[in-house]
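Commentary on secondary and tertiary structure
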Amino acid sequence: MDNIRKININEMPKGFKLFLAFLPVLGFFLIDMSLDNDFYFLYPTGQYIVENGFPVKDFLSMHINMNIIVQQWLTDVIFYFIYSKLGLAGMLAFVSLCYIAFCFVMYKLLMLITENHFISCAVAFFADIVMAVMFMVTRPQAITVILIALEIYCLEKYVKSKSIKPLFVLPFISLLIINLHCSMWLMMFVFALPYVAAAIPFNFKKIKQEPCCKLLPLIICGAVCFALGFANPYGLKAMTYIFSSFGIKDFNSNIVEMLPPSISSSAGKVYFPLLFVMLAIIIALRKNNFTTRFVLLFAGTALLGLMNVKSIAYFVIGSAAAFSYYIKDCSFTLNITEGKRTKKEKRNFILIIALTLAITGGVLGYVVMNPMEPVNNEEEETTSSYEDMDKICDILKTEKDEIILYAGFNYGQYMEFKGYHPYIDGRAELFLEKNNGEFDYFSEHMDVKNGREYYKDFLDKYGFNYIIVDKETEEILETSLSRDGDYEELYSSESTSLYKLKS
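Residues numbered from 1 in each chain as written. Predicted model: local features only at pLDDT ≥ 70, side-chain atom pairs only at ≥ 80, totals over all residues. Heavy atoms only, no water.

**Comments concerning the overall build of the protein chain**
- Each helix and strand in the protein chain was counted, giving 20 helices and 8 strands.
- When the 503 residues of the protein chain are sorted by exposure, 54% land in the buried category.
- Contacts spanning at least 24 positions in sequence make up 72% of the contacts within the protein chain whose residues lie at least 6 apart.
- Element-wise, carbon and sulfur atoms account for 62% of the exposed surface of the protein chain, whose accessible area totals about 23100 Å². (Helix = DSSP H or I, 4+ residues; strand = E, 2+ residues; numbered from the N terminus. Buried < 20%, exposed > 50% of the residue type's maximum accessible area, 1.4 Å probe, protein only. Contact = heavy atoms within 4.5 Å. Areas by Shrake-Rupley, 256 points an atom, 1.4 Å probe, with all protein chains shown as cover.)

**Observations concerning a nonpolar patch on the surface**
- A cluster of nonpolar side chains, Leu216, Ile219, Ile220 and Val224, forms an exposed patch at the surface whose accessible area comes to about 370 Å².
- Note that Ile220 resides in helix H8 (residues 215-228). (Patch = residues over 30% accessible without salt bridge, like charges linked within 9 Å, V, L, I, M, F, W, Y side chains within 5 Å. Salt bridge = Lys/Arg side-chain N within 4 Å of Asp/Glu carboxyl O.)

**Some remarks on the packing of helix H5 (residues 141-161) against helix H7 (residues 187-198)**
- Viewed as axis vectors pointing N to C, H5 and H7 meet at an angle of 25 degrees, and their least axial separation amounts to 10 Å. When the interaxial angle is binned, H5 and H7 end up roughly parallel. Handedness of the crossing formed by H5 with H7: right-handed. Facing Ile148, Glu151, Ile152, Leu155, Glu156 and Val159 of H5, the residues of H7 in contact are Met187, Met188, Phe191, Ala192 and Tyr195.
- Looking at the contact of H5 with H7 residue by residue, the classes come out as 9 nonpolar, no polar and 2 charged. (Axes fitted to C-alpha atoms, helices over the stretch in contact; angles between N-to-C directions. Parallel < 35°, antiparallel > 145°, perpendicular 65-115°, else oblique. Left-handed = near helix turned anticlockwise from the far one by under 90°. Nonpolar A, V, L, I, M, F, W, Y, C, P; charged D, E, K, R; others polar.)

**Things to note about the packing of helix H4 (residues 117-134) against helix H13 (residues 312-326)**
- Here H4 crosses H13 at 175 degrees, and the two axes come no closer than 10 Å. Taken together, the axes of H4 and H13 lie roughly antiparallel to each other. For the pair H4 and H13, the contacting residues are Ile119, Val123, Ala127, Val130, Met131 and Met134 in the first and Ile312, Ala313, Val316, Ile317, Ala320, Phe323 and Ser324 in the second.
- A breakdown of the residues in the contact of H4 with H13 according to their chemical character gives 12 nonpolar, 1 polar and no charged.

**Quick word on the pairing of strand S7 (residues 487-492)**
- Note: S7 against strand S8 (residues 496-501), 5 bridges, orientation antiparallel. For Glu488, the partnering residue across the bridge sits in S8 and is Lys500.
- Between S7 and S8, which pair antiparallel one after the other, the connecting turn spans 3 residues. (Pairing = 2+ DSSP bridges.)

**Considerations on the nonpolar core**
- Core analysis: the largest hydrophobic core is formed by 152 residues, its most contacted members being Met136 and Ile467.
- Among the elements that make up this core, the one with the highest residue count is helix H3 (residues 73-114) (17 residues).
- Not counting chain neighbours up to four residues away, the residues in contact with Met136 comprise Ile31, Val95, Cys98, Tyr99, Phe102, Met131, Ala142 and Val145. (Core = buried A, V, L, I, M, F, W, Y, C linked by side-chain atoms within 4.5 Å.)

**So, the sheet that holds strand S6 (residues 466-470)**
- Strand order in the open sheet formed by 4 strands is S5-S6-S8-S7, with mixed pairing between adjacent strands. The sheet terminates laterally at strand S5 (405-406) and S7, the two strands that pair on one side only.
- Bridging between S5 and S6 involves 2 bridges; their strand directions are parallel. Bridging from a neighbouring strand, Tyr406 pairs with Ile467 of S6.

**Digging into the pattern of salt bridges**
- Evaluation of the coordinates by the stated rule reveals 13 salt bridges.
- Between Lys461 and Glu444 there is a salt bridge; the shortest N-O distance is 2.8 Å. Placement of the pair is Lys461 in helix H19 (residues 455-462) and Glu444 in helix H18 (residues 441-449), with a sequence separation of 17 residues.
- Here Glu444 falls in the buried class, since its relative accessible area comes to 4%.
- A single salt-bridge network, built from bridges that share partners, covers Asp58, Glu416, Asp425 and Arg427.

**Overview of the packing of aromatic side chains**
- If you walk through the whole model with that rule in mind, you get 44 aromatic pairs.
- Taking the centre distance of 5.1 Å and the plane angle of 70 degrees together, the rings of Tyr454 and Tyr455 count as edge-to-face.
- By relative accessible area, Tyr454 is classed as partly exposed at 47%.
- On the basis of relative accessible area, Tyr455 is assigned to the buried category, the value being 12%. (Phe/Tyr/Trp six-rings, centres within 6.5 Å; stacked < 30°, edge-to-face > 60°.)

**Some words on unusual backbone geometry**
- Despite not being glycine, Glu115 has its phi angle at roughly 55 degrees, a positive value.
- Structurally, the position occupied by Glu115 is in the loop between H3 and H4.
- Given a relative accessible area of 64%, Glu115 falls into the exposed group.
- Positive phi outside glycine occurs at Lys162, with the angle close to 65 degrees.
- Among the secondary structure elements, Lys162 is positioned in the loop between H5 and helix H6 (170-180).

**As for the side chain of Ser497**
- If you trace the backbone, Ser497 turns up in strand S8.
- A polar side-chain atom of Ser497 sits 3.5 Å from a polar atom in the side chain of Lys471.
- Residue contacts for Ser497: discarding those within four places in its chain leaves Ile392, Ile467, Ile468, Val469, Lys471, Glu478, Glu489, Tyr491 and Ser492. (Polar contact = N/O pair within 3.5 Å; in protein donor to acceptor, adjacent residues only side chain to side chain.)

**Topic: the state of the cysteines**
- Within the structure shown, the criterion is met by 0 disulfides.
- Unpaired in this structure, Cys212 has its nearest cysteine sulfur neighbour in Cys213, at a distance of 3.6 Å. (Disulfide = S-S within 2.5 Å.)

**Side note on the side chain of Thr75**
- For Thr75, the position within the fold is in helix H3.
- Discounting chain neighbours no more than four positions away, the residues touching Thr75 are Pro140, Ile143, Asn179 and Leu180.

**A word on the environment of Ile255**
- Take Ile255: it is sitting in the loop between helix H10 (249-254) and helix H11 (266-286).
- Among the residues examined, Ile255 registers a relative accessible area of 1% and is labelled buried.

**Structural notes on the confidence of the model for the protein chain**
- Averaged over the protein chain, the pLDDT score is 84; the fraction of residues at 70 or greater is 81%.
- Looking across the protein chain, the model is least confident in helix H14 (residues 343-369), with a mean pLDDT of 53, and most confident in H6, with 96.
- Segment residues 367-373: pLDDT under 50, and 13 contacts once partners within four positions in sequence are set aside and those in other chains are kept.
- In the model, residues 377-384 has pLDDT below 50 throughout and makes 36 contacts with residues more than four positions away in sequence or in other chains. (pLDDT = per-residue confidence, 0-100.)

In structure tokens, the structure reads:
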């Protein structure tokens, strides 16, 4: 009689393990294969830094006396070198490499937490797909999410190994983030808080917490990381940049990434199902057996995701780590007959492969049927094509007058990329008075856009003789100019118009 033994799914053949490990490759087909809107001010900024050094006054818009902080100077320089040498293909290759790096770090992190190949691959797959669709674009965040995931890996390695060696990596992460994406620098301290809390011994009545690791090395490491934050061209201003760049009313109502996710939005269709499904499974499986650092990691990043769409990236990382911990003991076994496989065993193996493919196909099908847009810095309604802008640039090249150009929040950076100096661009936070020290241009732009300021007074104030109007977001300005006899329309499409002040 043949011996029958149970085999864990993690003991399946290497081919099946490799199949699971390479599932995130499907994310390549979901990455946005175009330049993000922000790229058009990132690239010329990188070029300026390479040729002239670090700017302190604006050089892209018409406001040359405006103080600026380049919050992602190192990213700008990297983008400049890649695009100037390799063009669009180089930038897309860079984003793809970032995606590969993120997938690798997430898998290593989840394996460290769970020591379960199947669970790690399954959870990482969902995290990787969401990141590919929403956040893997030509912006600093493509690098930042890798560094944040790597930070959690180092902290978790410190907890498990009881060695301080993994903490030596964190100062380098601090140095990179402050120069690559300084507005997100404080986020690394936010992600360290659950580990600090879990390292504090606590004993109150029936509630007792044994520290997960030594607290002193964490504090010393945090102090070193903070000190290295000063190693950037703008010093303390870069370190505190986040406090002067968020929480503005007009930001929260007009910039997609700063809006909280709603049930009907594409981001909400991803965030809320993930949140509720993971929360329900965690509660069902663990009951009262919770671990401080993972509870705080899940709850904290869930709160971040509720606050704005941009932070869903950090929810994906934090929740994946916490969720994988709470399901790490889940096991799937098959009855295997030693010796030659029976038809039933072959059928079960095929069934597992088919089920895996079905789940994968379901996830991808959901993404296709409910398309998500990459998180960007644009207004709620905007066009994604710059064909109109190219045609407008061709027209402007033929004009003999000095060009004093109005272009709004969506199109300004592209016109800067083409060598013009418009009124405003997508660097929204730089146009706030408390950042630029000159004037609140962003609020003025919103007032004109929403009809709170008379368009004629605004246009006369700056002497604009060429006005580019985004019909989808600047309906009031479009209607006013189309009825104003002082302006002639030089170009019009379904989404964009170009007006010229008559001589």
